[in-house]
Structure formats: structure tokens, C-alpha cells
Amino acid sequence: MADYPSRVGAKTIATVDVSPFTTEAKRLPDSERLKAGQALVEALHDLGFVRVTGHGIKKAEIREALAWTKSLFDLPNEDKMKAPHPPGPMPHRGYSGIGREKVYSQAEVKAHDSAGNNIGQELRKITDFKESYEIGSEHDPVQQNIWLPDDVLPNFRNYMSALYEKLAGVSLILLEAIGIGLGLNGEEHAALTRLISEHHCQLRLLHYPHITKNKLQNDLIARLPSHTDWGTFTMLSQDDRGGLELQEPQSGEYLHAEPEEGTFILNTGDMLQRFTNDYFISPLHRVSVPDPDAVLETGIPARYSIPFFVVPEFSHTIATLSRFTTAETPAKYEPVRFDEYGSLISKYQYAEE
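Notes on the structure in this doc start here. Quick caveat, the model's predicted, so the values are computed rather than measured.

Rules used in this analysis
Residues numbered from 1 in each chain as written. Predicted model: local features only at pLDDT ≥ 70, side-chain atom pairs only at ≥ 80, totals over all residues. Heavy atoms only, no water. Helix = DSSP H or I, 4+ residues; strand = E, 2+ residues; numbered from the N terminus. Rg over C-alpha atoms; globule rule 2.2 N^0.38 Å. Buried < 20%, exposed > 50% of the residue type's maximum accessible area, 1.4 Å probe, protein only. Contact = heavy atoms within 4.5 Å. Areas by Shrake-Rupley, 256 points an atom, 1.4 Å probe, with all protein chains shown as cover. Lys, Arg positive; Asp, Glu negative; His and termini not counted. Charge placed at Lys NZ, Arg CZ, Asp CG, Glu CD. Pairing = 2+ DSSP bridges. Polar contact = N/O pair within 3.5 Å; in protein donor to acceptor, adjacent residues only side chain to side chain.

1. Section: the overall build of the protein
- Broken down by element type, the protein carries 10 helices and 16 strands.
- Taking 2.2 N^0.38 as the reference for a compact globule, 353 residues should give roughly 20 Å; the C-alpha atoms of the protein span a radius of gyration of 20 Å, in line with that estimate.
- With respect to the three principal axes, the spread of C-alpha positions in the protein is 55 × 50 × 45 Å.
- For the protein, with 353 residues in total, the buried portion stands at 53%.
- Put simply, 81% of the contacts in the protein that link residues at least 6 apart link residues at least 24 apart.
- When the accessible surface of the protein is totalled, it reaches about 16100 Å², and 52% of it is carbon and sulfur.
- Taking the average place of the 35 positive charges on the side chains of the protein and the average place of its 50 negative ones, the gap between the two points comes to 1 Å.

2. Comments concerning the pairing of strand β5 (residues 131-135)
- Judged by how many residues are buried, β5 sits mostly within the fold: five of five residues are covered.
- By the alternation rule, side chains of β5 split into E131, Y133 and I135 and S132 and E134, which are all buried.
- Both strand β3 (residues 94-96) and β5 contribute to a ladder of three bridges, which runs antiparallel. Residue pairing across strands places S96 opposite S132, the latter belonging to β5.
- In the sheet, β5 pairs with strand β6 (residues 202-208) via five bridges, with the strands oriented antiparallel. Bridge pairing in β6 places I135 opposite L203.

3. Focus on the environment of D278
- By the element assignment, D278 lies in the loop between α9 (270-275) and β13 (285-287).
- A sequence separation of 53 residues divides D278 from A331, and the C-alpha atoms of the two residues are 9.3 Å apart.
- Setting aside chain neighbours within four positions, we find D278 in contact with Q273, K332 and Y333.
- Separated by 3.0 Å, the side chains of D278 and K332 make a polar contact.

In short, geometric facts, not functional conclusions.
Right under this line is the structure:
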């Protein structure tokens, strides 16, 4: 049972079935693939996020992944710290305890910078009450994984490595659907496929611990503040507690992404926004903390989620595709190398030690 009801408004989060693109459905006619791709593109163009079904990952597999995530975070802190996240934002691998990482929007950075504030200190005045574990491909030459010893959580490494590969496969299916839905030609589609590197994506395990009503009333805390994702797109699985909110671009209001078992929430990231010259928007999203006065005496329960961040090669330069520019709507963004953009965006993610 979700702890947050869906907000009623002019917009709803669309659900798109991408099963015409899965391996089992390859024999379906091309018209079915076109229809599914166009529906996916329409939904992402409208809101920047969509609920996806038919992606090829079974409900039982998602439940199992969430169970592994809970098992990880149920470990004693001294065991979790056997795979510590290094100082600084890179390499973004291993375990980060509560309050270690800070998520923020670029609007916050600009506001503090304009006011002459110490940006890092100001951002950290409110603690992100979450813990996380970052995993990448076992074949990533830039960021090597940081694993727990196998005797701490047996088979965790094997399971999560296999899960990474499955989700990387789903990301390729979704990108193919987007390309077909946009009607890209061969050269354009090749440019689109370069927005994914199977070796550089990121599998993230997240735990938002239980928060007492007293803590909500007396401490300055957040769960996950408003931000955009700076990759190509993100696929999210969440437990039945919900809590994810996505900003509707036109009104600025946040919509609750109420959980539905077996679905992913897909949201576009900064790279796809730049690639399409804002045809797709990288939407703000958050995991909010409710008004303490509206919370039961028992507080708010723990929440678990698994986002998979799809990104290009670190050395890849992302430029706007020419089909999205005209004399009236010139390119809004200069070409940018992904690693340089990421370094700028994540500058204050981890405090200096």
C-alpha cells in the first residue's frame, strides 16, 4: 500500500507497453513496434516520464531484486563499510551511509553562487536521509566496482552483476523504441545509439530508512531533493511504499508516481534533452518528506528503490541532432563531453575529506 496517493490533476502518468520490442515478441508486425515506439515518444515528449510495461523483466525478478536490496541494507554498518564509497564523486561505486551523498538541482547551485554563499556548505545544511550502493559493469575500464566480501552477503556480487546486464539489455530495447518512435533515419539512429554505453551505466540500490515523527518535527532532513538526472534516461523500480514525485513541466506541480508492481518509471535525462533540443525535457523529480503534522505517530516507513542510469561513453561528445533545429529554433546547447558535464554537475555531491 503506497503511503502517498496519486495527485489528481490535468495530467496523469501514461503507461506504455513496449512488449513489441522484447525478444519474445520479435515476430510481431513492424506496425506494432511503430505504434509502441510512437506512444513512448509521445509520453516522454509530454511529461519527460512514463510508466513502462512489457519490458521483459518479470514481476518476480523485480521482487527478488528489491529483496536483495533490503538484505544489503539490513547488514550491520561495519559490514556495509567493507565496501566504502571513495572520497569525492568519482569513482561512483560502493556504499554511502546516511547523509554521505548530497543530491541537488543546478538552480540551487546558481542561487547560492549568486548570493556569494559557500555552495557546498549551504547544500549540506539539510541532510539527505538515505543510504545507497553503486554498481557498474564488471567491464567498465573507468570505474571499477567495490564489492562486499562474499562471506558478508554470499552471491550478492553474482546476482547484481547479472541484474546490471539484464537492465542494460532493457535500456537498449527502450532506446530502439525511442528511435523508431521518432522516425529517425539510419545515420540519426546511429547517433542516438551512441547515447548508451553498456559498460558505463550505473545500477543504484537505495534505502530510505524509517523516520520518526519526532525527527521530522525537529530535524532539517530530506529524502531526495528535486533534481534532474544527467545521463540519457533512467529506469526505476520501487517498492510498494511509493514516494517518488515528478514535476509536470507546464504547471510546475509534482505528480506522485504511485507504484505498480512489475513496471518501471522511465524518465529522460539531460543528455537526451540536449540531443533533442528540448523536444524531450529532463524533468525535475524528488522523493519528498510529507508535512510532519500529517504523519502518524509511527512516522514514515522505510522505502527501497532501484534506479538504473543509462549514460554514454565518458569520452563521448553529445551534440544536438540537426533534425531538431531550424532557423526559428536554433540549437540551445553547445556540444559537451559527457565526463566533463558530469564532473561539473556532481561537483558538490560528496563533501571534501
